[in-house]
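Report on the structure
Spelled out, the chains give:
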Amino acid sequence: MNNSIPKKLKYSRTHEWVRQDDDVLTIGITDHAQTMLGDLVYVELPEPESNVETGHECAVVESVKAAADVYSPVSGEVIEINEALLESPQLINEDPYGKGWLFRVKPFESEIAEDVAKLLTADQYTKQVASEAH
Amino acid sequence: MGKKTPLYDCHLIAKAKMVDFAGWDMPLNYGSQVEEHHKVRQDAGVFDVSHMTIVDFHGKDVAMLLRKLLANNIDRLVPGKALYTCMLNEQGGVIDDLIVYKMSDEFYRLIVNSATRDKDIAWMQKQASGFTIEMTERTDLAMLAIQGPRVRDKLANVLNSDDLQAVLALKVFHAVQLNHLFAARTGYTGEDGFEVILPAKDAAAFWHALLKADIHPCGLGARDTLRLEAGLNLYGADMDESVTPLVSNLAWTVAFEPAERDFIGRVALLKQKHEGIAECLVGLVLMGPGVLRNHQKVIIDGLGIGEITSGSFSPTLNKGIALARVPAGIGQRCRVEIRGKEVEAQVIKLPFVLSGKKNNIVTA
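Only a predicted model underlies this, so the values are computations on that prediction, with no experimental measurement involved.

Some thoughts on the pattern of salt bridges
Residues and elements named next belong to chain B.
- With the rule as written, the count across this model stands at 31 salt bridges over all chains.
- One salt bridge connects Arg109 with Asp56, and the closest N-O pair in it is separated by 2.7 Å. Here the residue Arg109 occupies a position in strand 7 (residues 107-112), and Asp56 occupies one in strand 4 (residues 53-58), the gap between them amounting to 53 residues. This pair shows no difference in class: Arg109 is buried, exactly as Asp56 is.
- Glu337 is paired through a salt bridge with Lys297; the nearest N and O atoms lie 4.0 Å apart. Of this pair, Glu337 sits in strand 18 (residues 333-338) while Lys297 sits in strand 15 (residues 297-300), and the two are 40 residues apart along the sequence.

Set out below in structure tokens:
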């Protein structure tokens, strides 16, 4: 399986990706994750303005085959969710790193350094995916 | 490494995502199971179902054996006609569900599930002792299900004109043995179509001819959502040896008449009927967004609780749907517990979808 893993993103061990734009983090699930799940048909996103915590369940993505929890890779306040997914969850399959983003977080300043330090680089995540395949 | 059907290499060529199914390496999808689902509802698809177990019964006692072995009555059959039935244990529990084709007075073909193959064969052998029959498992054959509203048109580019004429003339649940293939107008999708059985060595060429005729390869993923929309039970999920056909929406497949036909499980079923049928298998449609899943709890106010036996997402209805075993007397509404929350569901008369059309669904 030749999944794309963009170099400029950071990753969690639980198959979320994180993109940093100034002080806002955008979060989604990786191409590998959507491939494993198959056709997505339903998502539950966190409430806007709610707080999410590193490593805690904050969203659910469901394919025809299975439901999967999404774990927040960082702690912070949810400032925006991708409402287009509520009508069109297949955007996650079609464009996991673009139109398929899940939510945006303004991280808590006290925790951001520690959270980001724990994330994987594209190379590290590539190795993890490869090791899971064996 | 699992067992491989004669079409294994064809699946790899078609870029299938392969998964283990009852010990077989089978295609789950060829990219998108939802697209494959829609192809079968609107166009034409082909499934490799060679993992299923084909057992031929020959001999002068075959009818006598099958009258005892099967809950439905094979005396309803004429040569070339098929019947859906359960095979029960003495307690009325479902050992398997199957299709039996009568080919002649002394030749019947049974197609049973692959996951239950070992116990089915053992049970049939045990029950056959003392009967003059020969039982042959046809591992030399491949089986394809070709399903969808445009299959009839597209087969014109696959079969020679004599075969085509014979196949298109088949009535629903009828079968015919041609020179190189056996064809039946049966399936597991709720659409028109055929199931074709042919020698394993001919399977790949036939598969490629179907694909060339613009019939789309479809995997087990689409097979499951199609059969669920069609309200067709899956053995091991919707029924097993712990339940009878009478609580599995399969009472119509049990032939109690004639009373003198003493099929295995009859006494237990009559007792259950006499004592009252406490449960039933119904269709549920989730009112709001979401997906129903196996084993979710169903809550019916004033009546008790039930359980989803097969839950999924219906690509045709764009809603969560399920089969659920619930207390008898359920009304039109219930709630399903999903991740700790109770959500509203509608109870419907099956099927959810019939020949491409949405059935009985209130979109309130």
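That was the structure; now back to the text.
Comments concerning the domain arrangement of chain B
All names here are of chain B.
- Looking at the assigned domains, one finds that chain B contains domain 1 (8-49 + 139-229) and domain 2 (278-364).
- The C-alpha-based centres of domain 1 and domain 2 are spaced at 29 Å.
- Contact with domain 1, which involves 10 residues of that partner, is made by 17 residues of domain 2.
- Interface area, domain 1 with domain 2, both sides summed: about 970 Å², of which 59% is carbon and sulfur.
- If you sort the residues of domain 1 by the area they bury against domain 2, Arg41, Leu228 and Glu229 come out on top, with a joint share of 57%.
- Across the domain 1-domain 2 interface, the total number found is zero salt bridges.
- Where domain 1 touches domain 2, the interface holds six residue pairs in polar contact (both at pLDDT 80 or more).
- Where the side of domain 1 that touches domain 2 is concerned, the elements lending two or more residues are helix 2 (33-42) and helix 8 (220-229).
- For the side of domain 1 that touches domain 2, the per-class residue count stands at two nonpolar, four polar and four charged.

Quick notes on the environment of Met135 of chain B
Residues and elements named next belong to chain B.
- Structurally, Met135 can be placed in strand 8 (residues 134-137).
- Given a relative accessible area of 23%, Met135 falls into the partly exposed group.
- When the C-alpha atoms of Met135 and Gly92 are compared, they prove to be 24 Å apart, with 43 residues separating the residues in sequence.
- In contact with Met135, other than residues within four places in its own chain, are Val55, Asp56, Phe57, Ile121, Met124 and Gln125.

Examining the sheet that holds strand 14 (residues 279-286) of chain B
Residue and element names in this part refer to chain B.
- A barrel is described by the order of its strands in space; here six strands give the closed sequence 14-17-16-15-18-19, paired in antiparallel fashion. Between one strand and the next, the sheet's axes are offset by a mean angle of 40°, whatever the strand orientation.
- Summarising the sheet, strand 16 (residues 304-314) and strand 17 (residues 319-327) pair through seven bridges and their orientation is antiparallel. Opposite Ile308, over in strand 17, you have Ala324 as the bridge partner.
- Here helix 8 sits on the sheet and contacts strand 16 and strand 17; the angle it forms with strand 16, its principal contact strand, is near 125°.

Quick word on the sheet that holds strand 5 (residues 51-52) of chain A
- The strand order across the open sheet built from six strands is 1-2-3-9-8-5 (chain A), with neighbouring strands paired in antiparallel fashion. On the outer flanks of this sheet lie strand 1 (10-11) and strand 5 of chain A, each paired with one strand and no other.

Definitions and cut-offs
Residues numbered from 1 in each chain as written. Chains lettered and ligands numbered in written order. Predicted model: local features only at pLDDT ≥ 70, side-chain atom pairs only at ≥ 80, totals over all residues. Heavy atoms only, no water. Salt bridge = Lys/Arg side-chain N within 4 Å of Asp/Glu carboxyl O. Helix = DSSP H or I, 4+ residues; strand = E, 2+ residues; numbered from the N terminus. Buried < 20%, exposed > 50% of the residue type's maximum accessible area, 1.4 Å probe, protein only. Domains from an automatic or database assignment. Contact = heavy atoms within 4.5 Å. Buried area = accessible area lost by both parts, 1.4 Å probe. Polar contact = N/O pair within 3.5 Å; in protein donor to acceptor, adjacent residues only side chain to side chain. Nonpolar A, V, L, I, M, F, W, Y, C, P; charged D, E, K, R; others polar. Pairing = 2+ DSSP bridges. Axes fitted to C-alpha atoms, helices over the stretch in contact; angles between N-to-C directions.

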